[in-house]
Amino acid sequence: MHLQTFYIDGTWQPPASKRIIDVVDPATEQVVASIAAGTAADVDRAVKAARKAFDAWSASAVRERIDYLKRIDEGFARRKEDLCKAMSREMGVPIAAARNIHFPSGPAHLREAIKVLERFDFDELRGSTLVAREAIGVCGLITPWNFPINQVVCKVAPALAAGCTMVLKPSEISPLSALIIAEILHDAGLPAGVFNLVNGDGPTVGHAIAAHPDVDMVSFTGSTRAGIAVAHAAADTVKRVGQELGGKSPNLILPDADFERAVTLGAQRCFNNSGQSCVAPTRMLVPRERVEQTAAIAARVADATRVGDPGDETVELGPVANRVQFERVQSYIARGLDEGARAAAGGPGRPPGLDRGYFVRPTVFVDVTPEMSIAREEIFGPVLCILGYEDVDDAVRIANDTPYGLAAYVQSTDLEAARRVARRLRAGNVQINYPRVDRGAPFGGYKQSGNGREWGEFGLQEYLEIKGIQGYQ
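Residue positions are given per chain, counting from 1 as you read along its sequence in written order. Restriction of local features to residues with pLDDT of at least 70 applies here, the model being predicted, together with a cutoff of 80 or more for giving and counting side-chain atom pairs; totals for whole chains, interfaces and linings are based on all residues. Side-chain measures here rest on the full set of heavy atoms in the structure, leaving out hydrogens and waters.

Colleague: Help me understand the sheet that holds strand β22 (residues 464-469) in this model?
Modeller: Where strands meet in a sheet, backbone hydrogen bonds hold them as pairs that are either parallel or antiparallel. What makes two strands pair is DSSP finding at least two bridges between them. Note on conventions: DSSP H or I runs of at least 4 residues are helices, E runs of at least 2 residues are strands, and numbering of each starts at the N terminus. One open sheet accounts for three strands, arranged β5-β6-β22; its pairing is antiparallel. Every other strand in the sheet has two partners, leaving β5 (123-126) and β22 as the edge strands with one partner each. Within the sheet, the average angular offset between the axes of one strand and its neighbour, ignoring direction, is 20°. Where strand β6 (residues 129-135) and β22 come together, six bridges link them in antiparallel fashion. Across the sheet, the residue bridging to Glu134 is Glu465, located in β22. Lines are fitted to the C-alpha atoms to define the axes, a helix being fitted only along its stretch in contact, and any angle between axes, read from their N-to-C directions, falls within 0 to 180 degrees.

The structure is reproduced here in C-alpha cells:
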C-alpha cells in the first residue's frame, strides 16, 4: 500500500514534507500504519493535474465513462477482502459488518451511477433553447471516517459520471481503505489527472482544497462545525459547496405500530456502526404511556448486542473510531445522567471484560426531555434517547424541534397515517417502516444538516452546470 505517497497525475508521488500521521487501531489503541501528511503545495500539484485533465475527460463519451465505471466495479470485487480488513483495522468496524454492510455500498453507488448515465439526457431542447448540462470542473472531495467506502464512492462515482476531475481528501482517521480505492481506480486505467488523492488533516489539506481558486466545487461530508469552516474557505472564490453534515434523527413510533418490531429494529439501527452514523435514529419518540415498555425492549437489545474484537465474526459492535470520539461519547453519557435521564441499559465506561480499546456500552436513556443536551446534540455513539409524546401533533413538534434535518423515521401499521406524518417532518430523508436502502433516492438534509443531494441522479446533478443556449433551434 502506498502509505507515504499521494496519487497525483496518474502516478504515486512523494509528499512535499516529511510529516506523517499515525493510523491507530481503535480496538487495540496501537499504531498500525503511518501515512504521509499533505500540505497546500501537494494540493496545488493535484489541482493542477486535475485541471490539465479536465478538458479531455469532460468531452469524453458517455459510453466511455460507463466502461470505466464498470472496470472500477470489477476492481472492487477483486479487492473486497483487502478493503474490509483495512476498514476493520482503521476504524474498528466488525469484519462481518465490513463485508455485509460497508463494502456493498461501493459497488451499489457505482452501479447506480451506471444506470443513471444510461438514461440521463445531458442536452434538453425547450422550445428554441437548448438546456445543456455540463461538468462543473475540478472538484474537491472531502470525506469522513465513519463509512469510508460509502462516503468516497458516493462522491467519486457521480463526479466521474458527470465528466469532472477531482482531488480526494479522505479522513486521516480512515485513509487505508481510500488508498486501496485509489489503486482500484489506477488499475481501471483512468486517464492521468482525472482522479487524485492527497492525505492529510482538515485544517491543512481540507482548507487548501476548499480555498483553492482552481477548484470549482467542494463536496464535503462531516460535522456541521467543519462544514461551516469549509464554506468560509470556499466563499472567496464563490465555488459551489455541497454539504452533508450532522443529524439528530427522530424515530416516530405511532400508537398503532408493532412495538416489539419497531423498537427492536430502531435500537439496532441506532447502535449500528457503534452509533457513528449521521442518519442514526437516536431519538425514539413513543406515546408517553408506552415509554417504560419501549425502554424494556430497547434495553434487551442493548444488553444482547455483542461488543468486542472486530476480527470476531460474531461481534456486532466494535469500538468507536478514536480516543477523541470515545471521550466525547463518555462525556455525553455522564451529562445525560447529570441532567436527570435514567440509563435503562449501558452507561459510563467500557463493556465488562474490555479493558482497552475505545469500546462503548450500548446505552438506552429514558426520562429524557427535549431540552436535554443528549436529546439535542449529535453524540455519534451507541446512545439511544427515548422521549414520550402526548399525541401525533406533539410527536411531530418534538421531531422538528432540532437544528438538524438529515433523516427521520416513521413506524406504523397504517401506511396512509405514516405518509401523512412523513410529509410533516422537516428532514431530507424520511424512512417509513425500515425499508431497504434505495441508492437512487436523494440523500441530504435540511437546516444545519447541509445542502445539496447525493446518490443516483440527484448526486450526478450536483456535479453539473446548466447552460442555456437561446436561439439554438
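Colleague: Help me understand the packing of aromatic side chains, please; the structure alone is not making it clear to me.
Modeller: Aromatic ring pairs are described here by two measures, namely the spacing of the ring centres and the angle between the planes. Within 6.5 Å between ring centres, the rings of Phe, Tyr and Trp (the latter by its six-membered ring) count as paired, and their orientation is classed by plane angle as stacked under 30 degrees, edge-to-face over 60, tilted in between. Scanning the entire structure with this criterion turns up eight aromatic pairs. Aromatic pair Tyr7 and Phe195: ring centres 6.2 Å apart, planes at 35°, arrangement tilted. Separated by 188 residues along the polypeptide, Tyr7 in strand β1 (residues 6-8) and Phe195 in strand β9 (residues 195-197) bring together distant segments of the chain. Classification of residues uses two cut-offs on accessible area relative to the type maximum, computed with a 1.4 Å probe and protein chains only: under 20% is buried, over 50% is exposed, and between them is partly exposed. Take Phe195: its relative accessible area is 2%, and that puts it in the buried class. Ring centres of Phe326 and Tyr358 lie 6.2 Å apart, and the angle between their planes is 40°; on these two criteria the pair is classed as tilted. One end of the pair, Phe326, is in helix α11 (residues 323-338); the other, Tyr358, is in the loop between β14 (342-345) and β15 (363-366), and 32 residues separate them in sequence. On the basis of relative accessibility, which here comes to 12%, the residue Phe326 falls in the buried class. Within the aromatic cluster, the residues linked to one another by ring pairs are Tyr7, Trp12 and Phe195.

Colleague: Looking at this model, I keep getting lost on the sheet that holds strand β12 (residues 250-253). Mind explaining?
Modeller: Reading across the sheet, the seven strands line up as β14-β15-β16-β13-β12-β18-β19 and stay open at both edges, with mixed pairing between neighbours. Looking at which strands have only one partner, the edges of the open sheet turn out to be β14 and β19 (429-432). For this sheet, the mean angle separating the axes of adjacent strands, direction not counted, is 25°. Relative to strand β16 (residues 383-389), strand β13 (residues 283-287) is paired through five bridges, and the arrangement is parallel. Considered in β16, the bridge of Val286 is made with Gly388. Two residues qualify as a contact provided that any one of their heavy atoms is within 4.5 Å of a heavy atom in the partner residue. Its contacts with the sheet put helix α13 (residues 392-400) on β12, β13 and β16, and the angle it makes with β16 is roughly 140°. Running at roughly 165° to β19, helix α14 (residues 415-424) makes contact with β12, β18 (407-411) and β19 of the sheet.

Colleague: It is not clear to me how the nonpolar core should be interpreted in this structure. Could you clarify?
Modeller: Nonpolar side chains tend toward joint burial in soluble globular proteins. In plain words, nonpolar cores are sets of buried Ala, Val, Leu, Ile, Met, Phe, Trp, Tyr and Cys residues tied together by side-chain atoms within 4.5 Å. Counting residues in hydrophobic clusters, the biggest one holds 65 residues, and the most contacted among them are Phe76, Leu160 and Phe195. For Leu160, the contacting residues outside a window of four places in its chain are Trp57, Arg65, Leu69, Ile72, Met166, Leu185, Leu190 and Val194. Counting residues in hydrophobic clusters, the runner-up holds 31 residues, among them Leu285, Tyr332, Val383 and Ala418.

Colleague: How should the side chain of Ser373 be read in this particular structure?
Modeller: Turning to its location among the elements, Ser373 is positioned in helix α12 (residues 373-376). Polar contacts, as used here, are pairs of N or O atoms within 3.5 Å; protein pairs need one atom able to donate a hydrogen and one able to accept it. Residues neighboring in sequence count only if both atoms are side-chain atoms. At 2.7 Å, the side chain of Ser373 forms a polar contact with the side chain of Glu339. In contact with Ser373, other than residues within four places in its own chain, are Tyr332, Arg335 and Glu339.

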